[in-house]
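# Summary of structural features
Below, each chain spelled out in residue letters.
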Amino acid sequence: MGLDLKPLITSTPIKLAELSGKVVAIDAFNTIYQFLSTIRGPTGELLMNGRGEVTSHLSGLFYRNVNLLAENIKPVYVFDGKMHALKAQEIERRSKLKQEAVAQYNHALEEGRMEDAVKYGKRTSVLTDSMVEESKMLLAALGIPYVQAPADGEAAAAHLTKTGVAYASASQDYDSILFGARRLVRNLAASGRRKVPGKNTYIDVEPEIIEHDNVLKETGLTHEQLVDVGILIGTDFNPGGFPGIGPKTAIKLIKENGRLENVEKVKSQLAEVPYQEIRDIFLKPEVPKSDGVSFGEVSREKILDFLCVQKSFSTDRVAGMLDKLQKAQESRSQSLEKWFG
DNA sequence: CTGGGGCA
DNA sequence: TGCCCCAGG
């Protein structure tokens, strides 16, 4: 599950409006996966149309992106490419957790424990090829560009921030920082309130931004050293990291010893970890060949056909959202005309 | 996750 | 208004 840099990093709350006019590179799998986990019915089931086709991902993508576009934020979606062989172990671990969750979900359903069903249902999400295709179709209809990453999507998103194509990378995971993203935006969403997993309580979750330069300044580490800290804590490429070493210890060890090879405490275990290869994944990532992205117009026709005709979304709702977006865009171009005539 | 309806 | 809660597909 990504890597836990949170204790080492200070983030700054940011208003959505502060991202107006800026391009934000969004990890598509990360985002769609969250929609599949969160957007569910009262018994923890995915949203589906009459033909049993899953629509949770489309619902999330539609509402989220209309809100971003209405704020004049320019999203670029980055889709994962070929998985690195070192990630196989982490994928296997997740798949086992999913299998367990499916069993617990069915069990909870049988016993009528709906709160548990919802809880376990969230953990069973599987992202299919057709969901990816449908997501791309919807993005195209919204005029939103997407990039196919050769390898890790986070790496490609980070690259877009390095080349200046994007202002920031948006993801819930901290991997972007290790991949060298200039800025990472977390909680990029419209609504400020989120329901806490178990209870009936709500917490305020606002968008926050993490600057790569600040992370280095505050920790006093180089990018290379930060990657070593990540390897000690554990990344997707060495899940779990080194036993007994958490964020605090990891940063202390690297500050004192400069680099992984010099840390006496882990020397005996180092031979079993392909740390040089993992460093290269983060420091010399495979990136997309072409950098250009171009934004298109919102196609009301295509969206209504895809979501309402094909996927049984409510025409009133979808059209209403599109009206709202159009008004936001019109009022912006009118206020520009005031200045530039 | 999000919009919208019901309600203080 | 603002908050809570539920349906959406």
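Residues numbered from 1 in each chain as written. Chains lettered and ligands numbered in written order. Predicted model: local features only at pLDDT ≥ 70, side-chain atom pairs only at ≥ 80, totals over all residues. Heavy atoms only, no water.

As recorded in an unreviewed UniProt entry, chain A goes by Flap endonuclease 1 and comes from Nitrososphaera viennensis EN76. UniProt lists a comment for chain A under the heading Sequence similarities (unreviewed entry), and it reads "Belongs to the XPG/RAD2 endonuclease family. FEN1 subfamily." The record in UniProt for chain A states the following under Subunit (unreviewed entry): "Interacts with PCNA. PCNA stimulates the nuclease activity without altering cleavage specificity." (UniProt positions renumbered as here; feature names shortened; annotations may be inferred.)

## Here we look at the domain arrangement of chain A
Along its sequence, chain A is organised into domain 1 (1-219) and domain 2 (220-285). Between domain 1 and domain 2, the residue contacts involve 27 residues of the former and 24 residues of the latter. Taking both sides of the interface into account, the surface hidden between domain 1 and domain 2 amounts to around 2,100 Å²; carbon and sulfur atoms contribute 68%. Taken together, domain 1 and domain 2 are joined by 2 salt bridges. (Domains from an automatic or database assignment. Contact = heavy atoms within 4.5 Å. Buried area = accessible area lost by both parts, 1.4 Å probe. Salt bridge = Lys/Arg side-chain N within 4 Å of Asp/Glu carboxyl O.)

## Remarks on the sheet that holds strand S6 (residues 183-186)
Strand order in the open sheet formed by 7 strands is S1-S9-S6-S5-S2-S3-S4, and the pairing between neighbours is mixed. Sheet topology places strand S1 (12-13) and strand S4 (146-148) at the edges, where each strand pairs with a single neighbour. Where strand S5 (residues 168-170) lies against S6, 2 bridges are found, and the strand directions are parallel. Directly across from Ser169, in S6, lies its bridge partner Leu184. Contacts between helix H1 (residues 28-38) and the sheet are confined to strand S2 (23-27) and strand S3 (74-79), with S3 contributing the most and set at about 95 degrees to the helix. Across the sheet, helix H5 (residues 129-141) lies against S3 and S4, angled at about 155 degrees from S3, the strand it touches most. (Pairing = 2+ DSSP bridges. Helix = DSSP H or I, 4+ residues; strand = E, 2+ residues; numbered from the N terminus. Axes fitted to C-alpha atoms, helices over the stretch in contact; angles between N-to-C directions.)

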